[in-house]
Amino acid sequence: AQSVAQPEDQVNVAEGNPLTVKCTYSVSGNPYLFWYVQYPNRGLQFLLKYITGDNLVKGSYGFEAEFNKSQTSFHLKKPSALVSDSALYFCAVRDGQAGTALIFGKGTTLSVSS
Amino acid sequence: GAVVSQHPSWVICKSGTSVKIECRSLDFQATTMFWYRQFPKQSLMLMATSNEGSKATYEQGVEKDKFLINHASLTLSTLTVTSAHPEDSSFYICSPDYVQETQYFGPGTRLLVL
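To start, this report covers the structure provided alongside it. Note that the structure is predicted; figures quoted are calculated from it, not measured.

This next bit is on the overall build of chain B. The secondary structure content of chain B amounts to 0 helices and 12 strands. Reading the secondary structure of chain B in the N-to-C direction produces β-β-β-β-β-β-β-β-β-β-β-β. At 13 Å, chain B has a C-alpha radius of gyration in line with the 13 Å of a compact globule built from 114 residues. A principal-axis box enclosing the C-alpha atoms of chain B has dimensions of 40 × 25 × 20 Å. Within chain B, the fraction of its 114 residues that count as buried is 53%. Partitioning the intrachain contacts of chain B with sequence separation of at least 6 by distance along the chain shows that 55% fall at a separation of at least 24.

Structure representation (structure tokens):
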């Protein structure tokens, strides 16, 4: 069975500091990994994905994530946080089979203070 | 990315009534549609997967007679919450198929049952 763990309910950082939101996964086969962001009462916005290739993937709004197969992790990072980055972040995974839906972690609330 | 619309964005109804939520993929054709629900400050839970022209596959614990899914065309899927009760109040989000291996999501529909 596929699963995703986001161990932190909330991450607090000061504006301008680097941020990391953690994610570990479990999936049979090769994982397709994703990060999404959600603002209040809104749908999910796609940030970035890892399917294959370079372990470091870059996405929207300056975010990046590193795929680590040995640690089964896919942590989201940003070198310099903005107050506007404050939102709910979801890590998600699926296997590579056609027609399978994403399985989501519980979400991590990022709070960036000015 | 892909453009997905949902209608309505907000709906308030009385207990016992039925509510229909529409999900449209505006710039691509979706043979598969995923429906999720999200309770406040919680993760997205997959409810069902539908394929155009065939019956939906429901996740364990989701009542297929309460949550009717119709995927009659490649650009439109509907979710009908029948005989809604307060415990059905939630945020419902659709996600049509993949675009370049990525799931994109509708903006969501907030349902409040009084």
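Below, the discussion takes up the pairing of strand S2 (residues 10-14) of chain A. Residues and elements named next belong to chain A. Only one face of S2 is covered, namely the one carrying Val11 and Val13; the face carrying Gln10, Asn12 and Ala14 has none of its residues buried. Bridge count for S2 against strand S12 (residues 108-113) is 5 bridges, and the pairing is parallel. Note that in S12 the partner of alanine 14 across the bridge is serine 113.

Among the structural elements, glycine 106 of chain B can be located in the loop between strand S11 (102-103) and strand S12 (109-113). Between the C-alpha atom of glycine 106 of chain B and that of arginine 24 of chain B, which follows or precedes it by 82 residues, the distance is 8.2 Å. Excluding its chain neighbours within four sequence positions, the residues that come into contact with glycine 106 of chain B are Gly43 and Leu44 of chain A together with Val4, Gln6, Ile93 and Cys94 of chain B.

Another point: the state of the cysteines. Across all of its chains, the model carries 2 disulfides over all chains by this definition. Note on cysteine connectivity: cysteine 23 of chain A is disulfide-linked to cysteine 91 of chain A, with sulfurs 2.0 Å apart. Classification of the bridge connecting cysteine 23 of chain A and cysteine 91 of chain A rests on its S-S torsion, roughly -60 degrees, and on that basis the disulfide is left-handed. With cysteine 23 of chain A in the loop between strand S3 (19-21) and strand S4 (24-26) and cysteine 91 of chain A in strand S10 (residues 87-94), this residue pair connects regions lying 68 residues apart in the sequence. Across the pair, cysteine 91 of chain A and cysteine 23 of chain A agree in class, each one buried. Note that cysteine 23 of chain B is cross-linked by a disulfide to cysteine 94 of chain B, the S-S spacing being 2.0 Å. Linking cysteine 23 of chain B and cysteine 94 of chain B, the disulfide has an S-S dihedral of approximately 80 degrees and is accordingly described as right-handed. Here cysteine 23 of chain B, found in strand S3 (residues 19-25), pairs with cysteine 94 of chain B, found in strand S9 (residues 90-96); they are 71 residues apart in sequence, far enough to count as distant. Residue cysteine 23 of chain B is classed as buried on the basis of its relative accessible area, which comes to 0%. The cysteine cysteine 13 of chain B is free of any disulfide, with cysteine 94 of chain B supplying the nearest cysteine sulfur at 18 Å.

Turning our eyes to something else, we now look at the pairing of strand S5 (residues 32-38) of chain A. Residues and elements named next belong to chain A. Most of S5 is tucked away, with 7 of its 7 residues classed as buried. With burial as the criterion, each face of S5 is covered, one bearing Tyr32, Phe34, Tyr36 and Gln38 and the other bearing Leu33, Trp35 and Val37. Strand direction decides the pairing type here: S5 and S10, joined by 7 bridges, are antiparallel. Along S10, the bridge assignment pairs glutamine 38 with leucine 88. Bridging between S5 and strand S6 (residues 44-50) involves 6 bridges; their strand directions are antiparallel. The residue of S6 that forms the bridge with tyrosine 36 is phenylalanine 46. Between the end of S5 and the start of S6, which pair antiparallel, lie 5 residues, with asparagine 41 showing a positive phi angle near 60 degrees.

Definitions and cut-offs
Residues numbered from 1 in each chain as written. Chains lettered and ligands numbered in written order. Predicted model: local features only at pLDDT ≥ 70, side-chain atom pairs only at ≥ 80, totals over all residues. Heavy atoms only, no water. Helix = DSSP H or I, 4+ residues; strand = E, 2+ residues; numbered from the N terminus. Rg over C-alpha atoms; globule rule 2.2 N^0.38 Å. Buried < 20%, exposed > 50% of the residue type's maximum accessible area, 1.4 Å probe, protein only. Contact = heavy atoms within 4.5 Å. Pairing = 2+ DSSP bridges. Disulfide = S-S within 2.5 Å.

Shape descriptors only; they carry no functional weight alone.
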